[in-house]
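Breakdown of the fold
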Amino acid sequence: MGEAPAFFVDHLENGGHTNGFGLKSEPRDKDTSVQIGDRSYLIGGNHEGNPLFLGVQIHDKTTNKWCVSIPTVLGTGPKPCKGYSAIVLKQGRILVIKKGSASDDSIWFLEVDSPFVREQRKLLGKEVVAWSKGVRGNAEKPIVISGPSGVGKGTLITMLMKEFPSMFGFSVSHTTRSPRCMEKNGVHYHFTDKTVMEKEINDGKFLEFASVHGNLYGTSIESVEVVTDSGKRCILDIDVQGARSVKASSLDAVFIFVCPPSMKELEDRLRARGTETEEQIQKRLRNAEAEIKAGKSSGIFEHILYNDNLEECYKNLKNLLGINDDAPVNGVEVEGINLPKEHTVTKIEDKIMIQETGEATKNDLIVLDLASINGGAPGRTRGIVLDSVKSS
Ligand SMILES: Nc1ncnc2c1ncn2[C@@H]1O[C@H](COP(=O)(O)OP(=O)(O)OP(=O)(O)O)[C@@H](O)[C@H]1O
Ligand SMILES: Nc1nc2c(ncn2[C@@H]2O[C@H](COP(=O)(O)O)[C@@H](O)[C@H]2O)c(=O)[nH]1
């Protein structure tokens, strides 16, 4: 269902707000307030007195009070600027446009009640908001690869990254398990302490985490950011529980499950790899049965691959990722558009129209197609299509 046509740009008047609520910090005319349900979000000033980050405060209409604590902010938000426009999007998201900024720093998304934020709020037991930045071009969907231990996920990912080094990047997970002899910290995993990782989970630094085969594993938002910001398509090698959490988040990803040809072959591969003790192999095999069942029936995975013959499976993986010999490209638009300082913002269905106002207007219309938003992590960059339409 599409969104209702709307016109919604809410600039606070200097020194007050029409509903007269007691403001925690006095809004300036460059601040912006947006209402979603019973809550108003005041966007402006600095985050907790930090001059580098734009602040967000929440006012609850039902209690007529400001939320006492500053919300936990996930992702890196925009730096403060001369003014903002804001418009409510679907699913508890707000589009924030920085006035007078270049296109690579002007379009931001603030998630205040999205499924991801709600989940994080429940998990952390505190108010959470998440920023993500709109970048022009095609930040293609990240790829989540799951499957039982020993099925060959790592092997397939290594092949893909070796053949297309500039196209794919690996999301380096955190784990509390000990490194294997060839594994390097920061390359294969971020090897970490349980207490440190639990604190970071509590601080909202993780997109997902799970206890797998007796150890804690997790994908930090930062790990996905690093890859996405480098312009590469991010690959996550995570278990089914993690895939379920990612599916519930606002990370728009492709979900692939890799199956072994048989349990006997899986056992042979795990043994031949020689990285686990007998006890660990038995544990992984027990977990494999449940994982395969969940992988096939949970509805999480759009694609199921059978890794019998490795070369064939790799070819199938490339096919479903749309990589063939003709078009292995990572299209990224680079041409800049500056967002005018004085403008109005109108939302018509899936299009946001940004129209310059003021005396020096050239009347160019800038159009952001919401249907084009793609890729990225919650709290991080998303691909957008921004066009400048010349007035005739
Ligand atoms: N199609 C295949 N045929 C035979 N051996 C394979 C095949 N694919 C992978 N292997 C081998 O199986 C072993 C396990 O593969 P890999 O380490 O990639 O599994 P994984 O799914 O990443 O496991 P984990 O989840 O434990 O990290 C490796 O020794 C690898 O060389
Ligand atoms: N939920 C998550 N699962 C993860 C992550 N990183 C790896 N994994 C999964 O753990 C098992 C075991 O891996 P191993 O390296 O110890 O053999 C495997 O199924 C991985 O997919 C993560 O960040 N989150």
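Notes on the structure follow. (Residues numbered from 1 in each chain as written. Chains lettered and ligands numbered in written order. Predicted model: local features only at pLDDT ≥ 70, side-chain atom pairs only at ≥ 80, totals over all residues. Heavy atoms only, no water.)

What follows deals with the site of ligand 2. Around ligand 2, the structure places 19 residues, and the nearest of them are Ser 173, Arg 177, Tyr 189, Tyr 217 and Asp 237. Within the side chain of Thr 219, a nitrogen or oxygen atom sits 3.3 Å from an oxygen atom of ligand 2. At 2.7 Å, a side-chain N or O of Asp 239 approaches a nitrogen atom of ligand 2. With the chains in place, 96% of the 510 Å² that ligand 2 exposes on its own is no longer accessible. Listing elements by their share of the shell around ligand 2, those giving two or more residues are β14 (206–212) and β15 (215–220). (Near = heavy atom within 4 Å. Polar contact = N/O pair within 3.5 Å; in protein donor to acceptor, adjacent residues only side chain to side chain. Areas by Shrake-Rupley, 256 points an atom, 1.4 Å probe, with all protein chains shown as cover. Helix = DSSP H or I, 4+ residues; strand = E, 2+ residues; numbered from the N terminus.)

At a closest axis distance of 10 Å, the pairing of helix α2 (residues 153–163) and helix α8 (residues 310–320) adopts a crossing angle of 60°. Regarding α2 and α8, the two cross each other, and that crossing is right-handed. Contacts between α2 and α8 involve Thr 155, Leu 156, Met 159, Leu 160 and Glu 163 on the former and, on the latter, Leu 310, Glu 311, Cys 313, Tyr 314, Leu 317 and Lys 318. Taken together, the residues of the contact of α2 with α8 sort by class into 7 nonpolar, 1 polar and 3 charged. (Axes fitted to C-alpha atoms, helices over the stretch in contact; angles between N-to-C directions. Left-handed = near helix turned anticlockwise from the far one by under 90°. Contact = heavy atoms within 4.5 Å. Nonpolar A, V, L, I, M, F, W, Y, C, P; charged D, E, K, R; others polar.)

Turning next to the site of ligand 1. Around ligand 1 sit 14 residues, and of these Ser 149, Lys 153, Gly 154, Thr 155 and Asn 307 come closest. Here an oxygen atom of ligand 1 sits 2.5 Å away from a polar atom, N or O, in the side chain of Thr 155. A distance of 3.4 Å separates a nitrogen atom of ligand 1 from a polar atom in the backbone of Leu 310. If one sorts the elements of the shell around ligand 1 by residue count, α2 sits on top with 3 residues. Residues of the shell around ligand 1, tallied by class, amount to 3 nonpolar, 6 polar and 5 charged.

Tallied over the entire structure, the rule returns 6 aromatic pairs. Judged by centre distance (6.2 Å) and plane angle (90°), the rings of Trp 108 and Trp 131 are edge-to-face. One end of the pair, Trp 108, is in strand β8 (residues 107–111); the other, Trp 131, is in strand β9 (residues 128–136), with 23 residues separating them in the sequence. Like Trp 131, Trp 108 is buried. An angle of 75° between the planes, with centres 6.5 Å apart, marks the rings of Phe 255 and Phe 301 as edge-to-face. Here Phe 255 is found in strand β17 (residues 254–259), whereas its partner Phe 301 is found in the loop between α7 (278–297) and β18 (303–306), with 46 residues between them in sequence. Exposure class is identical for Phe 255 and Phe 301. Each is buried. Taken together, Tyr 189, Phe 191 and Tyr 217 form an aromatic cluster joined through their ring pairs. (Phe/Tyr/Trp six-rings, centres within 6.5 Å; stacked < 30°, edge-to-face > 60°. Buried < 20%, exposed > 50% of the residue type's maximum accessible area, 1.4 Å probe, protein only.)

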